[in-house]
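# Fold and geometry: a report
Listed below, chain by chain, are the residues.
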Amino acid sequence: MVINIPQQVNRAIEILSDCGHSAFVVGGAVRDMLMGVPAHDWDIATSAQPCETLAAFKDFRTVETGIKHGTVTVIIDGMSLEITTFRIEKGYSDNRHPDKVEFASDICEDLSRRDFTVNAIAYSPESGFVDPFGGKADIERQTVRCVGEADRRFGEDALRILRALRFSATLGFEIEAETAASIHGNFRLLEHISAERIFVEISKLLCGKNAGKILREYEDVIFFIFPELRAMKGCNQNHERHIYDVWGHTVKAVESITPSPELRFAMLFHDSGKPECKTTDENGVDHFYSHAKKSRIIAYNILTRLKTSSKFRERVCNLVEYHDFLPDKISKKTYKKYISLLGFETVKQLFDVRAADASAQNPSFLSESLKANEKGLEILGDIERENACMKLGDLAIGGKELEKLGFKPSPEMGKILNILLDEVMEEKLENTKDALLGRAMQLKQR
């Protein structure tokens with residue numbers, strides 16, 4: 001089987017070969033090519049020592065990216081290629097990084113240190129595929145399987161546990177039985193992994209087409225990472241609108257929304273406060289008053305622990321706190337206040353959140369919920385077309401204009417500007433300079 005690789009990659013392999021070294025494309029690019037999907041990162045493994053790689057590409061721009069571990073970045077016609085010497089790794093005392101790296105002379109030795117068989121395939125135009133661990137067959141079977149002994153692979157690098165779940169979620173592959181058993185037995189090793197790396201892998205997992213399947217089958221791993229979510233499992237919802245426990249509803253809601261990190265994290269956390277807020281009335285009906293605010297606190301704490309950006313954290317937390325809004329019961333004035341508080345984009349996303357939430361409830365009420373969404377979206381569309389004033393910056397005047405009327409920069413000025421904004425949003429006052437200045441003078445006199 002011959003496959004097309006970028007001419008820059010082919011040229012790099014030819015240069016190394018002309019210098020007497022063997023070289024192969026390795027890693028995710030080979031897997032993607034075999035799956036028939038576009039490859040993005042092109043990594044090359046070579047028998048050349050780092051100094052020999054630098055010599056071979058003396059006429060090109062090179063960067064000693066990780067020279068200690070054998071990696072040199074070469075730029076050919078605008079494409080950056082990481083070229084790494086064949087290597088073997090020994091000792092993983094921190095369950096993440098090798099204690100010792102030794103260079104090797106054989107591609108099979110290099111492939112033997114890799115995580116999964118689908119990533120342990122090499123290719124060169126001259127030699128074709130090198131596949132000592134059956135990766136091509138596993139791609140055909142759509143299987144994620146560790147190279148060699150699963151316990152050993154995960155003990156070397158615990159991040160591989162999340163990578164296995166992420167590959168299964170995004171590629172739609174099944175995790176092979178021994179690999180799955182090892183994940184269930186070793187997930188506590190994830191305590192050695194940095195919060196930033198966990199966030200990256202969970203983000204990709206949640207956006208995978210099989211995210212719901214992974215959340216159901218590996219809830220022990222998810223609850224280890226997010227212990228705050230454990231109480232949702234088995235927390236029943238005896239209410240006409242619900243047919244799942246809180247965790248079952250949550251997973252269904254995650255599956256039902258657009259696969260973007262913000263939206264999927266919002267659905268993962270949106271009902272996390274329910275177990276703590278649960279009450280049961282005299283008729284045996286369960287209620288979860290104020291659970292959205294509690295869920296926001298939980299989401300905030302988790303995302304802070306994961307060291308996400310403040311912008312991402314705030315957006316997710318806002319979606320969580322306001323997910324229970326009633327789109328057909330809100331006036332245009334209230335929508336404007338929501339937009340002023342949260343931003344137009346977040347308010348639009350709340351409709352997606354509401355639809356996903358409804359899709360994970362009793363289907364008898366789905367049509368009603370979607371119609372309510374439609375009504376709210378009509379109002380939002382009217383506001384957007386009107387280009388309405390919804391924040392202080394949208395007012396036709398600002399502090400400078402008020403200073404010309406004799407106002408001094410003070411809390412009083414800020415208060416008056418906010419009153420003007422409220423009256424414009426309520427359509428009691430036109431957003432024109434004359435109208436605003438006149439009203440400001442009235443307020444000042446009072």
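Residues numbered from 1 in each chain as written. Predicted model: local features only at pLDDT ≥ 70, side-chain atom pairs only at ≥ 80, totals over all residues. Heavy atoms only, no water.

### Points about the environment of I297
Looking at where I297 falls in the secondary structure, it is placed in helix 15 (residues 291-305). Residues I297 and E321, spaced 24 residues apart in sequence, show a C-alpha to C-alpha distance of 8.8 Å. (Helix = DSSP H or I, 4+ residues; strand = E, 2+ residues; numbered from the N terminus.)

### Here we look at the packing of aromatic side chains
Enumeration over the complete set of coordinates arrives at 15 aromatic pairs. Judged by centre distance (5.9 Å) and plane angle (90 degrees), the rings of F226 and F269 are edge-to-face. Pair noted here: F226 is in the loop between helix 11 (219-225) and helix 12 (246-255) and F269 is in helix 13 (residues 261-269), with a separation of 43 residues, a long-range link. Of the two residues, F226 and F269, neither departs from the other in class, the shared state being buried. A centroid spacing of 5.8 Å and a plane angle of 90 degrees characterise the contact between F265 and F312, whose relative ring orientation is edge-to-face. Within this pair, whereas F265 is found in helix 13, its partner F312 is found in helix 16 (residues 310-321), the two being separated by 47 residues in sequence. The exposure class of F265 is buried, given its relative accessible area of 0%. Of the residues examined, F312 reaches a relative accessible area of 11% and is grouped as buried. In this structure, K274 packs its charged tip against the face of F288, placed 4.8 Å from the ring centre. Taking NZ or CZ as reference, K444 lies 5.0 Å from the ring centre of F407, over its face. (Phe/Tyr/Trp six-rings, centres within 6.5 Å; stacked < 30°, edge-to-face > 60°. Buried < 20%, exposed > 50% of the residue type's maximum accessible area, 1.4 Å probe, protein only. Lys NZ or Arg CZ within 6 Å of the ring centre and 35° of its normal.)

### Observations concerning the side chain of E201
Along the chain, E201 falls in helix 9 (residues 195-206). Once you skip the residues sitting within four places of it in the chain, E201 turns out to touch L159, L162, R163 and R166. (Contact = heavy atoms within 4.5 Å.)

### Some points on the packing of helix 13 against helix 18 (residues 344-359)
One can describe the packing of helix 13 onto helix 18 by two numbers: an axis separation of 11 Å at closest approach and a directional angle of 45 degrees. By the angle between their directions, the pair helix 13 and helix 18 is classed as oblique. Viewed along their axes, helix 13 and helix 18 form a crossing whose handedness is right-handed. In this structure, helix 13 contributes E262, L263 and M267 to the contact, and helix 18 contributes Q349, V353, A356 and D357. In the contact of helix 13 with helix 18, the residues fall into four nonpolar, one polar and two charged. (Axes fitted to C-alpha atoms, helices over the stretch in contact; angles between N-to-C directions. Parallel < 35°, antiparallel > 145°, perpendicular 65-115°, else oblique. Left-handed = near helix turned anticlockwise from the far one by under 90°. Nonpolar A, V, L, I, M, F, W, Y, C, P; charged D, E, K, R; others polar.)

### Points about the layout of surface pockets
Considering only enclosed or pocket space, the largest pocket measures out at about 1200 Å³ in volume. Around the largest pocket, the lining is made up of 35 residues, and of these D43, R87, R113, R114 and R163 lie nearest the centre. If you list the elements that add at least two residues to the lining of the largest pocket, you get helix 2 (28-35), strand 2 (43-46), strand 5 (79-85), strand 6 (87-90) and helix 7 (159-171). By residue class, the composition of the lining of the largest pocket is nine nonpolar, nine polar and 17 charged. Of the pockets and cavities examined, the second largest pocket occupies roughly 560 Å³. Around the second largest pocket, the lining comprises 23 residues; the ones closest to its centre are R241, D324, L326, R354 and Q361. Mapped by element, the contributors of at least two residues to the lining of the second largest pocket are strand 13 (286-287), helix 18 and helix 19 (366-386). Considering each element in turn, the lining of the second largest pocket owes the most residues, three residues, to helix 19. (1 Å grid on protein atoms, 1.4 Å probe; cavity = no way out; pocket = protein on both sides within 12 Å on 5 of 7 lines; lining within 4 Å. Points joined across faces, edges and corners; volume = space filled by probe spheres on them.)

### Thoughts on the pairing of strand 6
Of the two faces of strand 6, the one holding R87 and E89 is buried and the one holding I88 and K90 is not buried anywhere. One ladder, built from four bridges, connects strand 6 with strand 7 (residues 100-103); its direction is antiparallel. Each residue of the ladder has a partner; that of I88, found in strand 7, is E102. (Pairing = 2+ DSSP bridges.)

### Remarks on helix 15
End to end, helix 15 covers 21 Å across 15 residues, agreeing with the expected 21 Å (1.5 Å per residue, within 8%). Considered for burial, the residues of helix 15 that qualify are H291, A292, S295, R296, I298, A299, I302 and L303. If you follow the buried residues of helix 15, they end up packed against helix 13, helix 14 (274-277) and helix 16. Directly beyond the C-terminal end of helix 15, a positive phi value near 60 degrees is found at K307. (Expected span 1.5 Å × (residues − 1).)

### Some remarks on unusual backbone geometry
In this structure, S290 takes a positive phi of about 65 degrees despite not being glycine. Among the residues examined, S290 registers a relative accessible area of 56% and is labelled exposed. The phi angle at K307 is positive, at roughly 60 degrees, despite the residue not being glycine. With respect to the helices and strands, K307 occurs in the loop between helix 15 and helix 16. Look at K307 and you get exposed, because its relative accessible area is 55%.

### Looking at the pattern of salt bridges
Scanning the entire structure with this criterion turns up 37 salt bridges. Two residues, R11 and D77, come together in a salt bridge whose shortest N-O distance is 3.9 Å. A residue pair is termed long-range when its members are at least 10 positions apart, and R11 in helix 1 (residues 7-18) and D77 in the loop between strand 4 (71-76) and strand 5 qualify at 66 residues. By relative accessible area, R11 is classed as partly exposed at 34%. When salt bridges that share partners are traced, they join R87, E89, D110, R113 and R114 into one network. (Salt bridge = Lys/Arg side-chain N within 4 Å of Asp/Glu carboxyl O.)

On their own, these measurements won't tell you what the molecule is for.
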